[in-house]
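Residues per chain, in single letters:
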Amino acid sequence: LPSPLPKVRGTHPDCSVILYFQKREVECLEMIRRESQAPPGAPRQEGCRTEWDGVSCWAAVPVGQSRALACPNILHVFKKSKVLIQRNCTESGWSSPSPPYHSACELETLGSSNDTEAKASYFVTMKVLYTCGYSTSLAALFLAIGIFSCFRKLHCTRNSIHIHFFASFILRGTAVFVKDSVLFSDESVDHCTMSTVNCKAAIAFFQYSVLANFYWLLVEGLYLQTLLLLTFTSDRRYIWWYILIGWGVPMATVAVWVLTRLQYDDHGCWDDYTSLYWWVIKAPILLAIFVNFLIFLNVTRMLAQKIRSPDISKNYKQQYMRLTKSTLLLIPLFGVHYVVFALFPEHVGVDARLYFELVLGSYQGFLVALLYCFLNGEVQAEVKRNWGKWQSSMESNVFNLATQDFTA
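These numbers come from a predicted model, not from an experiment. (Residues numbered from 1 in each chain as written. Predicted model: local features only at pLDDT ≥ 70, side-chain atom pairs only at ≥ 80, totals over all residues. Heavy atoms only, no water.)

1. Re the packing of aromatic side chains
Each aromatic ring pair is summarised here by two numbers: the centre-to-centre distance and the angle between the ring planes.
Okay, so step 1: Counted according to the given criterion, the structure contains 13 aromatic pairs.
Okay, so step 2: Look at W257 and W270: their rings are 5.7 Å apart centre to centre, the planes differ by 75°, and that puts the pair in the edge-to-face class. Placement of the pair is W257 in helix α6 (residues 239-264) and W270 in the loop between α6 and α7 (279-308), with a sequence separation of 13 residues. The residues W257 and W270 share a single accessibility class, namely buried. (Phe/Tyr/Trp six-rings, centres within 6.5 Å; stacked < 30°, edge-to-face > 60°. Helix = DSSP H or I, 4+ residues; strand = E, 2+ residues; numbered from the N terminus. Buried < 20%, exposed > 50% of the residue type's maximum accessible area, 1.4 Å probe, protein only.)

2. Observations regarding the UniProt feature "transmembrane region" (unreviewed entry) in the protein
Okay, so step 1: In the numbering adopted here, UniProt assigns the feature "transmembrane region" (unreviewed entry) to residues 128-149, 161-178, 214-232, 239-259, 279-299, 320-343 and 355-375.
Okay, so step 2: Secondary structure content for residues 161-178 is 100% helix and 0% strand, and the end C-alpha separation is 26 Å.
Okay, so step 3: Secondary structure across residues 239-259 comprises 100% helix and 0% strand; the distance between its end C-alpha atoms is 30 Å. (UniProt positions renumbered as here; feature names shortened; annotations may be inferred.)

3. Points about the confidence of the model for the protein
Okay, so step 1: Confidence along the protein averages 78 in pLDDT terms, with 71% of residues attaining 70 or more.
Okay, so step 2: Averaged pLDDT values for the elements of the protein fall to 63 in helix α8 (residues 314-342) and rise to 93 in α6.
Okay, so step 3: Scored below 50 in pLDDT, residues 1-11 shows 24 contacts in the model against residues more than four places distant or in partner chains. (pLDDT = per-residue confidence, 0-100. Contact = heavy atoms within 4.5 Å.)

4. With respect to unusual backbone geometry
Trans peptide bonds make up most of the peptide bonds, and negative phi angles are found at most residues other than glycine.
Okay, so step 1: The omega angle of the peptide bond from S98 to P99 is -10°, so this bond is cis rather than trans.
Okay, so step 2: Structurally, P99 is set in the loop between β7 (93-94) and α2 (101-106).
Okay, so step 3: Within the chain, W270 stands out as a residue other than glycine whose phi angle is a positive 65°.

5. Looking at the packing of helix α4 (residues 157-183) against helix α10 (residues 364-374)
Okay, so step 1: Contact geometry for α4 and α10: axes closest at 10 Å, N-to-C directions at 165°. Classified by the angle between their axes, α4 and α10 sit roughly antiparallel to one another. As α4 packs across α10, the resulting crossing turns out to be left-handed. Along the contact surface, α4 presents H162, F165, F166 and F169, while α10 presents Q364, G365, V368, A369, Y372 and C373.
Okay, so step 2: Its residues assigned to classes, the contact of α4 with α10 comprises seven nonpolar, three polar and no charged. (Axes fitted to C-alpha atoms, helices over the stretch in contact; angles between N-to-C directions. Parallel < 35°, antiparallel > 145°, perpendicular 65-115°, else oblique. Left-handed = near helix turned anticlockwise from the far one by under 90°. Nonpolar A, V, L, I, M, F, W, Y, C, P; charged D, E, K, R; others polar.)

6. So, the pairing of strand β6 (residues 84-90)
Side chains on a regular strand alternate between the two faces of the sheet.
Okay, so step 1: Of the two faces of β6, the one holding I85, R87 and C89 is buried and the one holding L84, Q86, N88 and T90 is not buried anywhere.
Okay, so step 2: Pairing analysis gives five bridges linking strand β5 (residues 66-70) to β6, with the strands arranged antiparallel. Bridge pairing links L69 to I85 in β6.
Okay, so step 3: Connecting β6 to the antiparallel partner β7 that follows it, the hairpin turn spans two residues. (Pairing = 2+ DSSP bridges.)

Given below as structure tokens:
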């Protein structure tokens, strides 16, 4: 007999159906095993032995008797669950179910092959779109980090925080590609029962990258608020606190989540968002978004006061405005859709959720690089200045070479 299947929970309705029948089959096979291992001296019952017919488990009965079972109570499969189905035990064995399952329980209308092909095409299109989005974002983010790192004049606390923020996006894009390669590279794998160390590690890495992404956005908001409160006094001493919040808090949260899942809910691949322990990840993200929203309101208030103040120089006002425009745009942009979807169960609005999380979310890294680096006036001025110096140096070298050839 096959060994008992692992207890796994799935989020997709199809997985729920498959796992329901697998659980019932394991229970029925266990009954059959116990019957076959009866002591030699025990009286042996003549008649029909326990049987699994693929839908229900029919317990053993003597010849001439019958047994009736109700239709399985499963959503998305049977419309009726209280209708009784009967089987008689004859000398030749169990009779066929009467009435048959498909007529008594009334199977739900299954999607046609065209619907299946349309769904497959839809998910392939989604994957192509978010693959392009993450690839574009990764290229832009690496370029932005290179610009901030190469030009010494751009080395400051503000841009160091931007680099960490960019790195969190790079981590998130990489985690998406890693998760796809581990979970979906082999189409023959049964994702309903998949429960390997690799897939759990990929999901844990993905959750860490998402948390780090939201907490570095929180750091951007905290830094902007600190900047307005301290009026550009020494802010370097806070950088390690920012790093602790941006990388440390997500690490601690994911560690707690992993230990909790290992101890109490080590089922499947840990990608079941209906699990109660999913709140170990979800609650810190909602907290970061909520705090960022409060910062958004407070910074807007402080900025309005400082801009109206006659004591602030025009140069400081421009610095405030430049950083504030980027951060205040990102705070609602990153959090609004997450809060909206958090108010509904995971199975509600799946298509819209996938579109926002995968397709639009894949281009957020590119948007961040655009706002904080490529459209930054300070960065543009530094790039132009160094480009001009490089051109002058090249022209000087060409002139010297030509002069040497002429004089030679």
